[in-house]
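So you can see what is in the structure, the chains are spelled out below.
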Amino acid sequence: MPVSDSLLRMSTYKADTSATHFISRKKADVYFEQAGGSIIAQIDYLVRYKVLKEKGKQAALVEIPYFTGQDVEDITHIEGTTYHQDGTQVPLDTASIKNVSLGAQYNLKSFTLPDVRRGDVLEYRYTIRRRFLQQLPDFYVAERVPVEYAEFNVHYPDYLRYTMLPHRVPVSIEIQKLETDTSSVPRVFTYERPEPVVVNRWIVEDVPAVQKQPFMNNINQYRGKLSFLLNEFGKPRQQLENSWQLVAAKMRRQTQWFDSTGGSSRLDRAWRQLQSGLPDSVLSNKKYLQNAVFDFVNSQMTHNGSDGTLPRDSVPAVLGGEPSGQPSINYVLLQLLRRAGIEAYPLFLASRESDGLNRDLPSRYQFSSTLIYSEIDGTRYFMDAAYELSYPNLIWPKHNVEQGFVLMPRGRAYRWVDVEPEQSRFVLNTGMEADIRRNGNLEGSLEATQKGYPARKIRKWQVEKKPASEIAKDALFPGYADIEVNNVTIRDRKNREVTLQADFSVPGYGSSFQSGISFRPMIIGGQFENP
């Protein structure tokens, strides 16, 4: 559909007059082709923006993420055009398109549409070729700006069908089924005629903008979207089983989490080395033994920054301190725990950085991270040995989500568990004695006991050889640039607490004693984001 004169002339979006820009049209068409013995889904996208105000020119920056794990997706045929109100057009220089790696699983195509002015219409197109058919890419119908019209079309061959699952869609969805007879066979009942070509179409209109709220860790989790899951396949088509039991069975068969033979000699040697250095009091207590195994792996590893669900690095690489991915590090942890007689299992999550977990859509591709899960004497433990200087139940904040998928070692068994790592908190207990001097300085002493994330941060600073006085300033007085701190002591307790003691002086707390007592001294603790 060409850009209309009425869209070019438009100066205000009636459904939201405060909008700086909006999406006038978003469209995707899915086709299927057979090539080299496999089936590939080709998805052609079109996105069209209208710039209403000067601030709306930010729509010129386009970022398109795509899934590169196991070569599942590739992006081709990127085109873009800026339409000016005077009728001139400026095409995108494709040489300016950048490809950015987002880790082991995702890449990003990034470009800026050219010569954007207030009143322009911006349009870009691209094609995704996808080799994984069980699930189509999610189609987002809600964005940070209003969406006037969005349409998703699936052009079906006769051998497959999808079911659509809406998620947080704030408006009604119009569903159309279009059938086109392309056969030349006469309409005589004695002749067998092929099925008509079927196109399923889903349409939404006038979708309001998704507003960023303070409690949102990832706004993508709150954007309305359509998800598509394969539910019929074959000639003739047959109903497919789509269930988390099937996902569990496939993950067990296609991954090595319960295969103890990978790097077995190196794992056996590591376990004997660890076991020989532990006293009987630790070896006979599963909780202490689990801590010892975790500390061993955590101290040996070097995390390369990537998460995922498939171990790709060798056991010798992990134990040798070579940069390794989270799944590989936690695979080593799992195998050593099981050698120690501790029943532990892989736990798969959709991290806060991902689009969230939709349990109505059984697919392992929703998972972006892997932890290890165990239960000892009724206490549940969530472990990530790739998180430097951590310990059981202290996990990376981005992995502190609502639920996780525990893969069990037999059959189709799995469990959903609420992710509640009791140590993954911000705990700060502080006692302070201070006086305001005649010159307006505030002087005193302070003792703070910290647990969870604050204690880990202090340990990390110690490993980095940061001076104790600087640690005290940054941990307790980040808002006071002129504070003086001395006589600092830091004690790391066995129960994972860190106690910090220090004397301090805040020059000019008040211009005089009289002005200093006009407001009460306070210590305020807060976080810029949720843990």
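Provided above is the structure to which this section pertains.
In short, a report on the structure. This structure is a prediction, so every number in the text was calculated from the model and none was measured.

1. Section: the overall build of the protein chain
Inference 1: The helix and strand inventory of the protein chain stands at 10 helices and 26 strands.
Inference 2: Principal axes of the C-alpha set define a box for the protein chain whose edges measure 95 × 65 × 40 Å.
Inference 3: Counting across all 531 residues of the protein chain, residues that qualify as buried make up 49%.
Inference 4: In the protein chain, the share of contacts with a sequence separation of at least 24, taken over all contacts with a separation of at least 6, comes to 70%.
Inference 5: Put simply, the protein chain shows about 26,700 Å² of open surface, and 46% of that area lies on carbon and sulfur atoms.

2. Observations concerning the pattern of salt bridges
Pairing between side chains becomes possible if they bear opposite charge and their charged atoms approach one another.
Inference 1: With the rule as written, the count across this model stands at 26 salt bridges.
Inference 2: Measuring nitrogen to oxygen at the nearest pair gives 2.9 Å for the salt bridge that ties Lys-57 to Glu-54.
Inference 3: For Glu-54, a relative accessible area of 48% translates into the label partly exposed.
Inference 4: The shortest N-O distance in the salt bridge between Asp-295 and Arg-496 comes to 3.9 Å.

3. Thoughts on the nonpolar core
Inference 1: Phe-32, Leu-113, Tyr-124, Phe-152 and Tyr-162 are the most contacted members of the largest nonpolar core, which totals 51 residues.
Inference 2: A per-element tally of this core places strand β2 (residues 38-51) first, with seven residues.
Inference 3: Look past the residues within four positions of Tyr-162 in its chain and what remains in contact with it is Phe-32, Leu-133, Gln-134, Leu-136, Tyr-156, Phe-228, Leu-229, Leu-230 and Asn-231.
Inference 4: Within the second largest apolar cluster, 42 residues are counted, among which are Phe-294, Leu-337, Ala-340 and Leu-407.

4. Here we look at unusual backbone geometry
Across residues other than glycine, the phi torsion is negative in most instances, and most of the peptide bonds are trans.
Inference 1: Here Lys-235 and Pro-236 are connected by a cis peptide whose omega angle stands at -5°.
Inference 2: The topology assignment puts Pro-236 in the loop between β14 (225-233) and β15 (238-239).

5. Regarding the sheet that holds strand β18 (residues 344-349)
Inference 1: Here five strands make up an open sheet; going across it, the order is β20-β19-β18-β21-β22 and the pairing antiparallel. Across the chains shown, the open sheet's two edge strands, defined by having one partner strand only, are β20 (379-383) and β22 (414-418). Direction aside, neighbouring strands of the sheet carry axes that sit 35° apart on average.
Inference 2: Both β18 and strand β19 (residues 369-376) contribute to a ladder of six bridges, which runs antiparallel. Looking at β19, one finds that Tyr-345 is bridged to Tyr-373.

6. Concerning the sheet that holds strand β7 (residues 106-112)
Inference 1: Pairing is antiparallel in the open sheet, where three strands are placed in the order β3-β7-β6. Of all strands in the sheet, those bounded by a partner on one side alone are β3 (61-67) and β6 (98-101). Geometrically, the sheet is characterised by an average inter-axis angle of 25° between neighbouring strands, direction not taken into account.
Inference 2: Relative to β7, β6 is paired through four bridges, and the arrangement is antiparallel. Looking at the pairing, Val-100 lines up with Leu-108 of β7.

Reading the values: the criteria
Residues numbered from 1 in each chain as written. Predicted model: local features only at pLDDT ≥ 70, side-chain atom pairs only at ≥ 80, totals over all residues. Heavy atoms only, no water. Helix = DSSP H or I, 4+ residues; strand = E, 2+ residues; numbered from the N terminus. Buried < 20%, exposed > 50% of the residue type's maximum accessible area, 1.4 Å probe, protein only. Contact = heavy atoms within 4.5 Å. Areas by Shrake-Rupley, 256 points an atom, 1.4 Å probe, with all protein chains shown as cover. Salt bridge = Lys/Arg side-chain N within 4 Å of Asp/Glu carboxyl O. Core = buried A, V, L, I, M, F, W, Y, C linked by side-chain atoms within 4.5 Å. Pairing = 2+ DSSP bridges. Axes fitted to C-alpha atoms, helices over the stretch in contact; angles between N-to-C directions.

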